[in-house]
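Coordinates in review
Here is how the chains run, residue by residue.
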There are 2 protein chains.
Amino acid sequence: MKRPCVYVVGIGPGEEAMMTGQAVRTLEESDVIVGYPVYLDLLGERFREKERLSTPMRQEVERCRMAYEKAMEGKTVSLICSGDAGVYGLASLMYELSPEYPGCELVIVPGITAANSGAALLGAPLNHDYCVISLSDLLTPWEQIRRRLLAAVDGDFAIALYNPSSRKRADYLQKACDILLERAEGERACGYVENIGREGTRVTVCTLKELRERQVNMFTTVFIGNSQSVLQDGKLVTKRGYRL
Amino acid sequence: MKRPCVYVVGIGPGEEAMMTGQAVRTLEESDVIVGYPVYLDLLGERFREKERLSTPMRQEVERCRMAYEKAMEGKTVSLICSGDAGVYGLASLMYELSPEYPGCELVIVPGITAANSGAALLGAPLNHDYCVISLSDLLTPWEQIRRRLLAAVDGDFAIALYNPSSRKRADYLQKACDILLERAEGERACGYVENIGREGTRVTVCTLKELRERQVNMFTTVFIGNSQSVLQDGKLVTKRGYRL
């Protein structure tokens with residue numbers, strides 16, 4: 001009998017063209033696809049015939065157990081995550097739970113995370129050293145987020161911000177900008193991308209001072225340039241340092 | 001006549017299965033593929049019939065101009081980068097040069113960068129806030145690299161290190177570890193992946209103290225956990241913080 005296995009698959013930002021060949025093939029070869037309902041919908045018609053299982057938001061532990069249990073029954077299981085499975089995705093939680101399912105293998109299939117898919121639409125904001133920071137304080141104390149924002153400015157990193165807003169955290173981007181503005185100039189080049197790889201994609205550039213006043217939705221990735229980044233014809237560009 | 005356009009395409013770590021559908025289709029539809037010779041070789045047989053142009057290492061500016069000039073002649077041109085085109089790739093340099101080629105459009109096609117493809121092989125090292133830092137001082141003063149390494153530890157970020165070594169910089173990983181060890185404990189969970197997505201892929205976990213003594217080659221991506229990361233059955237795992 002084959003060894004039980006769960007594939008933890010990053011499906012990228014949304015449209016199938018942005019999945020890797022490896023991710024598409026893994027889903028094709030799966031009996032069961034487990035995921036958050038919104039992500040299952042993103043897959044579209046192509047995988048409709050698969051057994052599909054989901055749990056609501058904040059029931060990630062149950063979702064992971066569901067994937068393990070189906071695998072222990074002998075099914076080939078893909079647990080899908082938006083973007084990359086290892087960037088705020090379920091890869092680490094699956095490893096944490098793995099001692100409870102001895103003999104079950106885990107294979108992580110990477111995908112394009114929003115930092116990189118968003119950057120491609122915005123120009124080249126992360127073309128030098130960069131940080132990725134989530135503004136969600138559901139699992140991380142705000143003091144830790146604050147410490148990371150300040151360290152990112154101190155190191156002069158370009159920054160990609162995930163989860164900049166939600167219904168309950170409408171002012172979090174503003175709070176983050178205020179922290180950044182303690183040490184970065186108001187004219188710092190910034191930008192954001194809404195609905196990457198989905199209907200209604202929209203790209204905006206602005207300064208850090210302007211960003212503070214913007215209301216963005218939860219499907220937005222925000223980019224803060226480093227001290228050398230520039231706005232150029234509607235694009236945010238962070239130079240690598242080549243001599244021209 | 002169609003508007004001239006260069007596609008700057010991230011081809012991921014190497015094997016075609018790790019390219020996105022969008023990247024494969026873009027190369028298929030191109031007349032000319034421009035790239036560093038090693039990256040052209042990574043593409044394998046599939047795109048052999050295309051016109052292929054390259055320049056040696058450190059002639060990146062000339063390579064970019066070559067891509068622009070072919071596009072201005074009316075050819076459909078893909079300029080390829082390993083990993084993601086916007087992570088230490090040629091996307092920003094193409095934007096810098098764009099004023100010299102008025103009317104030529106740039107489209108950035110993202111790919112899986114080594115931070116994410118390497119993380120998938122190593123476990124889940126970047127599953128919380130993380131930094132990406134290159135140890136190459138060809139274009140960045142070492143003092144800036146040092147400053148970023150310290151800021152990354154101060155912010156308690158997980159870290160992916162690119163370009164950890166080269167023939168002329170054989171001791172750079174050791175130097176970087178010494179800087180990290182000024183503020184991080186020797187038992188910090190770490191790991192590295194050699195030849196991601198290519199022949200000879202090898203995954204190793206170790207502590208920061210042990211990492212300092214390792215000699216890695218230039219096709220290696222190094223991962224430093226945050227203060228909460230753990231080594232678990234040969235994997236490096238950075239928890240997101242779910243309650244079990």
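The preceding data block contains the structure.
Reference entry: report on the structure contained in this document. In this text the structure is predicted, and so the values were computed from the model without any measurement.

Moving on, we come to the sheet that holds strand β4 (residues 77-81) of chain A. Residue and element names in this part refer to chain A. With respect to topology, five strands assemble into an open sheet ordered β3-β2-β4-β1-β5, the strand pairing being parallel. Each of the sheet's edge strands pairs with one partner strand only, and the pair in question is β3 (51-53) and β5 (105-109). Across the sheet, the mean angle from the axis of one strand to that of its neighbour is 20 degrees, orientation sign disregarded. On the sheet, helix α3 (residues 60-72) packs against β1 (5-10), β2 (32-34), β3, β4 and β5 and is oriented at approximately 160 degrees with respect to β4.

Now for the interface of chain B and chain A. Across the boundary between the two partners, chain B contributes 66 residues, which contact 66 residues of chain A. Counting the surface lost from both chain B and chain A, the interface buries some 5800 Å², and carbon and sulfur atoms represent 56% of this. By the criterion of area lost to chain A, the three top residues of chain B are R148, R240 and Y242 of chain B, representing 13% of everything that side buries. Here chain B is connected to chain A by four salt bridges. A salt bridge links D156 of chain B to R148 of chain A, with the nearest nitrogen and oxygen atoms 4.0 Å apart. At the junction of chain B and chain A, the tally comes to 38 residue pairs in polar contact (both at pLDDT 80 or more). Broken down by secondary-structure element, the contributors of at least two residues to the side of chain B that touches chain A are α1 (21-28), α3 (60-72), α4 (91-97), α5 (114-122), β6 (123-124), β7 (130-134), α6 (142-154) and β13 (235-237) of chain B.

Take chain B, turn it by 180 degrees, move it 0.0 Å along the axis, and it overlays chain A with an RMSD of 0.0 Å. Accordingly, the operation relating the two chain copies is best matched by a two-fold axis. Comparing interface residues between copies, 100% of those in chain B also lie at the interface in chain A; the contact surface is shared.

Turning to α5 of chain B, a few remarks are in order. Of all nine residues that make up α5 of chain B, eight are buried, and the element is covered over most of its length. One or two positions beyond α5 of chain B, positive phi appears at G123 of chain B, with a value near 135 degrees.

Here we take up the pattern of salt bridges. All names here are of chain A. Scanning all chains against the criterion turns up 32 salt bridges over all chains. Of the charged contacts, one joins E45 and R48 as a salt bridge, the two residues approaching to 3.2 Å between their closest N and O atoms. Bridged by salt links that share partners, the residues E51, K70, E73 and K75 form one connected network.

All names here are of chain A. Listed in full, the buried residues belonging to helix α7 (residues 172-181) are Y172, L173, A176, C177, I179 and L180. Buried residues in α7, looked at end-on, bunch into an arc of 160 degrees, giving them a common side. Packing partners of the buried residues in α7 comprise α6 (142-154), β8 (158-162), α8 (208-211) and β11 (220-224).

Moving on, we get to the pairing of strand β7 (residues 130-134) of chain A. Of all five residues in β7 of chain A, five are buried, a share of seventy percent or more. Burial along β7 of chain A is two-sided: Y130, V132 and S134 of chain A facing one way and C131 and I133 of chain A facing the other are all buried. Inspection of the sheet shows β7 of chain A paired to β8 of chain A by five bridges, in the parallel sense. Residue pairing across strands places C131 of chain A opposite I159 of chain A, the latter belonging to β8 of chain A. Note that the unit made of β7 of chain A, α6 of chain A and β8 of chain A has a crossover that is right-handed. Here β7 of chain A pairs with β7 of chain B via three bridges, running antiparallel. Residue pairing across strands places C131 of chain A opposite C131 of chain B, the latter belonging to β7 of chain B.

About the cut-offs
Residues numbered from 1 in each chain as written. Chains lettered and ligands numbered in written order. Predicted model: local features only at pLDDT ≥ 70, side-chain atom pairs only at ≥ 80, totals over all residues. Heavy atoms only, no water. Pairing = 2+ DSSP bridges. Helix = DSSP H or I, 4+ residues; strand = E, 2+ residues; numbered from the N terminus. Axes fitted to C-alpha atoms, helices over the stretch in contact; angles between N-to-C directions. Contact = heavy atoms within 4.5 Å. Buried area = accessible area lost by both parts, 1.4 Å probe. Salt bridge = Lys/Arg side-chain N within 4 Å of Asp/Glu carboxyl O. Polar contact = N/O pair within 3.5 Å; in protein donor to acceptor, adjacent residues only side chain to side chain. Least-squares fit on C-alpha atoms with pLDDT ≥ 70 in both. Buried < 20%, exposed > 50% of the residue type's maximum accessible area, 1.4 Å probe, protein only. Arc of directions from axis to C-beta. Right-handed = clockwise from strand over helix to strand, strands pointing away.

Just distances and angles here, no functional claims.
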